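Each chain, letter by letter, is given below.
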Amino acid sequence: MTTHTRQFNRRSILSLGGCALAMTAVVGTPALASLTDDAIAALTGGAGAVEGGISITAPEIAENGNTVPVEINAPGAVAITLFADGNPTPSVATFKFGALSASRTASTRIRLSTTQNVVAVAEMADGSFQMAKANVKVTIGGCGG
Amino acid sequence: MASGVKPRVKVPKTAEAGEAITIKTLISHKMESGQRKDDDGNLIPRSIINRFTAEFNGENVIDVLLEPAISTNPYFQFEAIVPESGEFTFKWYDDDGDIYEAKKKVSVA
């Protein structure tokens, strides 16, 4: 019986979901982005990072912000740092590649508190920095929450 | 969080010399972020795994620093080169000082 009511509730919430999606789309990038900019500046020593060269793969829409699969690919990088610019603390993880690493790729699962950009900054072998961004729309908590 | 932590690693048993092999690791850990509150409104203290390393015969493959934004049961997938037969050592470093370890042998034909 209980499962039945719950299903019905979930349905009705889902039908409302459309509105929430539209709203998140309008709100777009959260204002906390500057925290990430500060963190990137600290990492690169103020030099900044250029876009291109590396890639980040994340779902366009994540239904559950608790586990969002993210893959980074940065040929020629010695280290990659991941940021989530809408999280309370933007840092996510730092990957350092050793001598026996076959490719500069890694996949993991991260937490995203809201719709936001996931940013990867790669430190290349020559000391320069490259970055890539992926926007992820997070739906959980948007309406039913 | 010293109890109920179980590392799981997927590594091929055999490989060609110099071949790139894909490694998948998962460890069961609640990764308490330090942002959540309990029913009484008190902050639940942070308790996460803060570092993960993979080595092959003592040579580093990958070294990851984890922040609270890594999901419960941290999962990593990456690629490694195996120059000769040997053993992978995977280590997870807990906030409470514990180190969880897993080893996997690979033989090169």
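Residues numbered from 1 in each chain as written. Chains lettered and ligands numbered in written order. Predicted model: local features only at pLDDT ≥ 70, side-chain atom pairs only at ≥ 80, totals over all residues. Heavy atoms only, no water.

## Details of the overall build of chain A
Rule in force here: Each helix is a run of H or I in the DSSP string that is no shorter than four residues. Each strand is a run of E no shorter than two, and both are numbered from the N terminus. We call a residue buried when its accessible area falls under 20% of the maximum for its residue type, exposed when it is over 50%, and partly exposed in between, using a 1.4 Å probe and counting protein chains only. Any two residues whose heavy atoms approach within 4.5 Å are treated as being in contact. Here the Shrake-Rupley method, with its probe set to 1.4 Å, supplies the accessible areas, and only the displayed protein chains count as covering residues.
A tally of regular secondary structure across chain A gives two helices and nine strands. Traced from its N-terminal end to its C-terminal end, chain A shows the element sequence α-α-β-β-β-β-β-β-β-β-β. In chain A, which comprises 145 residues, the share counted as buried stands at 39%. By sequence separation, contacts in chain A at least 24 residues apart represent 65% of the contacts at least 6 residues apart. As displayed, chain A has an accessible area near 7,600 Å², and 56% of this comes from carbon and sulfur atoms.

## Digging into the overall build of chain B
What counts is decided by this rule: All tallies of charge rest on Lys and Arg as positive and Asp and Glu as negative; His and the ends of each chain are not included. The location of each charge is read from NZ of Lys, CZ of Arg, CG of Asp or CD of Glu.
Along the backbone of chain B there are zero helices and eight strands. Across the 109 residues that make up chain B, the buried fraction comes to 42%. Looking at chain B alone, contacts between residues at least 24 apart form 57% of all its contacts between residues at least 6 apart. On chain B, roughly 5,500 Å² of surface is accessible, and the fraction owed to carbon and sulfur atoms is 46%. Put simply, chain B has 14 plus and 18 minus side-chain charges, and the middle of one group is 5 Å from the middle of the other.

## A closer look at the nonpolar core
If you look at soluble globular proteins, the nonpolar side chains tend to sit buried side by side. To keep it simple, the criterion reads: The definition of a nonpolar core used throughout is a set of buried Ala, Val, Leu, Ile, Met, Phe, Trp, Tyr and Cys residues joined through side-chain atoms within 4.5 Å.
Ranked by size, the top nonpolar core spans 57 residues in total, and within it F95 of chain A together with F52, F88 and F90 of chain B carry the most contacts. If near-sequence neighbours (up to four positions away) are discounted, F52 of chain B is found in contact with T25, I62, D63, V64, L66, F76, F78, F90, K91 and W92 of chain B.

## Re the side chain of D94 of chain B
Let me state the cut-off plainly: Should a side-chain nitrogen of Lys or Arg be within 4 Å of a carboxyl oxygen of Asp or Glu, the pair is scored as a salt bridge.
As for its position among the elements, D94 of chain B is in strand β7 (residues 86-94). For the buried D94 of chain B, no salt bridge exists, and the shortest N-O distance to an oppositely charged side chain is 7.8 Å, to K30 of chain B.

## Description of the UniProt feature "domain: Sulphur oxidation protein SoxZ" (unreviewed entry) in chain B
This is how the line gets drawn: UniProt positions are given in the numbering used here, feature names are shortened, and annotations may be inferred rather than shown by experiment.
UniProt's feature table lists "domain: Sulphur oxidation protein SoxZ" (unreviewed entry) at residues 10-103 of chain B, given in the numbering used throughout. Taken end to end, residues 10-103 of chain B has its terminal C-alpha atoms 11 Å apart, with 0% of it in helix and 51% in strand.

## Focus: unusual backbone geometry
All names here are of chain B. The phi torsion at N57 lies on the positive side, around 50°, for a residue other than glycine. Within the chain, N73 stands out as a residue other than glycine whose phi angle is a positive 55°. Relative to the assigned elements, N73 resides in the loop between β5 (59-66) and β6 (75-81).

## Overview of the environment of E19 of chain B
All names here are of chain B. What counts here: Nitrogen and oxygen atoms within 3.5 Å of one another constitute a polar contact, given that in protein one can donate a hydrogen and the other can accept it, and given that sequence-neighbouring residues count only through two side-chain atoms.
When you line up the elements, E19 lands in the loop between β2 (14-15) and β3 (20-27). Look at E19 and you get partly exposed, because its relative accessible area is 33%. Considered as a pair, E19 and P83 are 64 residues apart in the sequence and their alpha carbons are 7.8 Å apart. A distance of 2.8 Å separates a polar atom in the side chain of E19 from the backbone nitrogen of E16.

## Section: the environment of K6 of chain B
Residues and elements named next belong to chain B. With respect to the helices and strands, the residue K6 is situated in the segment before β1 (7-10). We classify K6 as partly exposed; its relative accessible area is 49%. On a C-alpha basis, the gap between K6 and K24 in space is 14 Å, while along the polypeptide they are 18 residues apart. Sequence-distant contacts of K6, that is, excluding residues within four places in its chain, are made with L26, I27 and S28.

## Focus on the sheet that holds β1 of chain B
Inclusion rule: Here, strands pair whenever DSSP counts at least two bridges between them. The convention used is that axes are lines fitted to C-alpha atoms, helices contributing only their stretch in contact, and that angles between N-to-C directions extend from 0 to 180 degrees.
In spatial order, the strands read β2(A)-β4(A)-β7(A)-β6(B)-β3(B)-β1(B); together these six strands make up an open sheet with antiparallel pairing. Pairing within the sheet leaves two strands with one partner each, and these edge strands are β2 (55-57) of chain A together with β1 of chain B. Direction aside, neighbouring strands of the sheet carry axes that sit 15° apart on average.

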